[in-house]
Amino acid sequence: MKTENLIELLAQDAPVRSSLTHMLQQASIAAVLIVAIAFFSAIGFRHDIGAALDTGRFLFKFVITVALAVTGSLVMYRIGKPGVPLHWWGWALLVPLALAVGAAVFELSVMPPETWVTRMIGHNSRLCLTIIPSLSVGPLACFLVALRHGAPTRPALAGAVAGLAAAGIAATFYAANCDDDSPLFVLLWYPIAIAAVTAVGALAGQKLLRW
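Residues numbered from 1 in each chain as written. Predicted model: local features only at pLDDT ≥ 70, side-chain atom pairs only at ≥ 80, totals over all residues. Heavy atoms only, no water.

Labelled according to an unreviewed UniProt entry, the protein chain appears under the name DUF1109 domain-containing protein, originating from Rhizobium binae.

This is the structure we're talking about:
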């Protein structure tokens, strides 16, 4: 049987689709619960969370990270089903980046140039690069297990997308602890941490999601 014919048959297999969708739904719930338990038991909110909630820069971090978690999850739900085109869904992954870049450009336009480097470097970069990948481990494992119930034609890409979704969930929780609210900091350090999780997801997907 040719590969194209096999993919077409799998794409028409309703039980496989239903099983994958159900597994990814369960994995998403488990991923959020795992991160929530780890966050509240070992990390917690920043000490000035009450005052931070009144600032737009703090709240906008969640706009970016939630957008990443949502778009990554939507693409992940499709990429595990053979024959299901991504179309513009793949481009949706650029939405979080566009939001971060837009926020950073706005900050550059309103803040004095002599403060740019300080805001970009911040003082929590080490925590950012440590906590986001650490919190991503559980969600990434959940997503990879769920994707094994599907048949992704590009296993490395599927694993990378799973890493993006996992990192988006982890970054959303970490943002509640991080007191570096500058969009310049978010644009520099968050993507580095997220890229590390994405790379691990791609490597794991290449090995675990072959069929």
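A. The arrangement of a nonpolar patch on the surface in detail. A surface patch of nonpolar side chains, about 660 Å² in accessible area, is lined by Trp 88, Trp 91, Leu 94, Leu 97, Val 101 and Val 105. Per element, the largest residue contribution to the nonpolar patch is four residues, and it comes from helix H6 (residues 94-110). (Patch = residues over 30% accessible without salt bridge, like charges linked within 9 Å, V, L, I, M, F, W, Y side chains within 5 Å. Areas by Shrake-Rupley, 256 points an atom, 1.4 Å probe, with all protein chains shown as cover. Salt bridge = Lys/Arg side-chain N within 4 Å of Asp/Glu carboxyl O. Helix = DSSP H or I, 4+ residues; strand = E, 2+ residues; numbered from the N terminus.)

B. Examining empty space enclosed by the protein more closely. This structure, assessed with the given rule, holds one cavity of 30 Å³ or more. For the largest cavity, the full set of lining residues is Arg 57, Phe 60, Lys 61, Ile 64, Ala 103, Asp 181, Pro 183 and Val 186. Elements that contribute at least two residues to the lining of the largest cavity include exactly helix H4 (56-79) and helix H10 (183-208). The biggest single contributor to the lining of the largest cavity is H4, with four residues. Classifying every residue of the lining of the largest cavity gives five nonpolar, no polar and three charged. (1 Å grid on protein atoms, 1.4 Å probe; cavity = no way out; pocket = protein on both sides within 12 Å on 5 of 7 lines; lining within 4 Å. Points joined across faces, edges and corners; volume = space filled by probe spheres on them. Nonpolar A, V, L, I, M, F, W, Y, C, P; charged D, E, K, R; others polar.)

C. Inspection of the layout of surface pockets at higher detail. Of the volumes computed, that of the largest pocket is approximately 310 Å³. Lining the largest pocket we find 15 residues, and of these Leu 68, Leu 93, Pro 96, Leu 97 and Ile 194 sit closest to its centre. For the lining of the largest pocket, the elements supplying multiple residues, two or more each, are H4, H6 and H10. Of the residues forming the lining of the largest pocket, the biggest block, five residues, is contributed by H10.

D. Up close: the nonpolar core. Counting residues in hydrophobic clusters, the biggest one holds 51 residues, and the most contacted among them are Met 76, Ile 132, Phe 143, Leu 147 and Tyr 190. Elements supplying a minimum of two residues to this core: helix H2 (14-42), H4, helix H8 (125-147), helix H9 (155-175) and H10. Looking at this core element by element, the count peaks at 13 residues for H9. Aside from chain neighbours lying at most four places away, what touches Leu 147 is Leu 20, Leu 24, Met 76, Gly 80, Pro 152, Ala 158, Ala 162 and Leu 209. (Core = buried A, V, L, I, M, F, W, Y, C linked by side-chain atoms within 4.5 Å. Buried < 20%, exposed > 50% of the residue type's maximum accessible area, 1.4 Å probe, protein only. Contact = heavy atoms within 4.5 Å.)

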